[in-house]
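# Examining the three-dimensional arrangement
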There are 2 protein chains.
Amino acid sequence: MSTINPDERAAAIPAVPHTGPVTLINSFEVDAGRDGAFTELWSHTSGYFRAQPGFVSLRLHRTLSPNAPYRWVNVATWASVAQFQAAHQTEEFRQLVGQPAWKEFPSSPAIYEVVTEYSAQA
Amino acid sequence: MSTINPDERAAAIPAVPHTGPVTLINSFEVDAGRDGAFTELWSHTSGYFRAQPGFVSLRLHRTLSPNAPYRWVNVATWASVAQFQAAHQTEEFRQLVGQPAWKEFPSSPAIYEVVTEYSAQA
């Protein structure tokens, strides 16, 4: 279900209304040895998103597991679906994800809500 | 790369030594309409992990995206690879993930390190 199509680079939006924060989980296929090219491209695109209204936080993860299908995963929180969606409907977004260099790194984006949260006792 | 094999229910461990915290990202295939059966099973297994040394925190996510291949994703932080690994080598772990009910919910676990982190300006 991963894609190199710019039109599918944004997570599908729920058909039913949703209020409150949402989490983007976007998994990337990156060949070992191409981490530098990926992070350069990702950092540029990420700079756009971090400046948009509704962006809350993100963590970019690199795998430690041999043979993980997705070597890089971005987990990002947005204040609302509406703001997440607005950030993905601009001409700047289309230009960023339409860069030919992205074809090397198929991605699989989806949005989620946090249902359960636990922290260890301090 | 998802699996219903109990022997593959734990994320593969890096061949090279790693220090510091790690993040498990475990994605589950759950049919719409089976969320109740999944969360009951997951909560039971999660109770085991939350009690293990090295468990730091977790967030269980349910998708809002129509047709997401993985409708549920657990993102959990552990204090070290060694403690994560130890928690996955007990007889209790094997019994928990060996439950036949888990066959309905293939999972795709991998461990990661956080490479980049950003928060919006307050």
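Before going into details, it helps to say that this report is about the structure given with it. (Residues numbered from 1 in each chain as written. Chains lettered and ligands numbered in written order. Predicted model: local features only at pLDDT ≥ 70, side-chain atom pairs only at ≥ 80, totals over all residues. Heavy atoms only, no water.)

Per the secondary structure count, chain A includes three helices and four strands. At 15 Å, chain A has a C-alpha radius of gyration in line with the 14 Å of a compact globule built from 122 residues. By principal-axis analysis of the C-alpha atoms, chain A measures approximately 40 × 40 × 25 Å. Counting all 122 residues of chain A, 46% fall into the buried class. Put simply, chain A shows about 6000 Å² of open surface, and 50% of that area lies on carbon and sulfur atoms. (Helix = DSSP H or I, 4+ residues; strand = E, 2+ residues; numbered from the N terminus. Rg over C-alpha atoms; globule rule 2.2 N^0.38 Å. Buried < 20%, exposed > 50% of the residue type's maximum accessible area, 1.4 Å probe, protein only. Areas by Shrake-Rupley, 256 points an atom, 1.4 Å probe, with all protein chains shown as cover.)

Laying chain B over chain A is done by rotating through 180° and shifting 0.0 Å along the axis; what remains is an RMSD of 0.0 Å. What the superposition gives is, in effect, a two-fold axis relating one chain to the other. By C-alpha distance to the rotation axis, the residue of chain B lying nearest is Val75(B), at 4.6 Å. Counting the interface residues of chain B, we find that 100% of their copies in chain A are interface residues as well, pointing to one common contact surface. (Least-squares fit on C-alpha atoms with pLDDT ≥ 70 in both. Contact = heavy atoms within 4.5 Å.)

Looking now at the pairing of strand 4 (residues 107–119) of chain B. As defined by bridge partners, strand 2 (residues 55–63) of chain A adjoins strand 4 of chain B across seven bridges and the pair is classed as antiparallel. The residue bridging Thr63(A) from the neighbouring strand is Tyr112(B), located in strand 4 of chain B. As paired strands, strand 1 (residues 22–28) of chain B and strand 4 of chain B are joined by six bridges and run antiparallel to one another. Each bridged residue has a counterpart across the sheet, and for Asn26(B) the counterpart in strand 4 of chain B is Pro109(B). (Pairing = 2+ DSSP bridges.)

Let us now look at the sheet that holds strand 2 of chain A. Spatially, the eight strands close up into a barrel ordered 1(A)-3(A)-2(A)-4(B)-1(B)-3(B)-2(B)-4(A), and their pairing is antiparallel. Strand-to-strand, the axes of this sheet are offset by a mean angle of 35°, without reference to chain direction. The sheet contact formed by strand 2 of chain A and strand 3 (residues 72–78) of chain A spans seven bridges and is antiparallel. In the sheet register, Leu60(A) faces strand 3 of chain A, and the bridge partner there is Asn74(A). (Axes fitted to C-alpha atoms, helices over the stretch in contact; angles between N-to-C directions.)

Residue and element names in this part refer to chain A. Evaluation of the coordinates by the stated rule reveals 22 aromatic pairs over all chains. Here the aromatic rings of Phe38 and Trp102 are separated by 6.1 Å at their centres, their planes lie at 75°, and the arrangement is edge-to-face. Here Phe38 is found in helix 1 (residues 35–50), whereas its partner Trp102 is found in the loop between helix 3 (91–97) and strand 4 (107–119), with 64 residues between them in sequence. With relative accessibility at 4%, the residue Trp102 sits in the buried group. A connected cluster of aromatic rings, assembled from ring pairs, spans Tyr48, Phe49, Phe55, Trp78, Phe84 and Phe93. (Phe/Tyr/Trp six-rings, centres within 6.5 Å; stacked < 30°, edge-to-face > 60°.)

This part covers the interface of chain B and chain A. In this complex, chain B contributes 45 residues to the contact, which on the side of chain A involves 45 residues. The contact between chain B and chain A buries some 3600 Å² in all, and 62% of this surface belongs to carbon and sulfur atoms. When the buried surface of chain B facing chain A is broken down by residue, Leu64(B), Tyr112(B) and Tyr118(B) rank first, second and third, together holding 20% of it. Applying the counting criterion to the chain B and chain A interface returns four salt bridges. A salt bridge links Arg62(B) to Glu113(A); its shortest N-O distance comes to 3.1 Å. The tally of links from chain B across to chain A stands at 20 residue pairs in polar contact (both at pLDDT 80 or more). Put simply, the parts of the chain that give the side of chain B that touches chain A at least two residues each are strand 1, helix 1 (35–50), strand 2 (55–63), strand 3 (72–78) and strand 4 of chain B. For the side of chain B that touches chain A, the element with the most residues is strand 4 of chain B, which contributes 11 residues. Per-class residue counts for the side of chain B that touches chain A are 28 nonpolar, 11 polar and six charged. (Buried area = accessible area lost by both parts, 1.4 Å probe. Salt bridge = Lys/Arg side-chain N within 4 Å of Asp/Glu carboxyl O. Polar contact = N/O pair within 3.5 Å; in protein donor to acceptor, adjacent residues only side chain to side chain. Nonpolar A, V, L, I, M, F, W, Y, C, P; charged D, E, K, R; others polar.)

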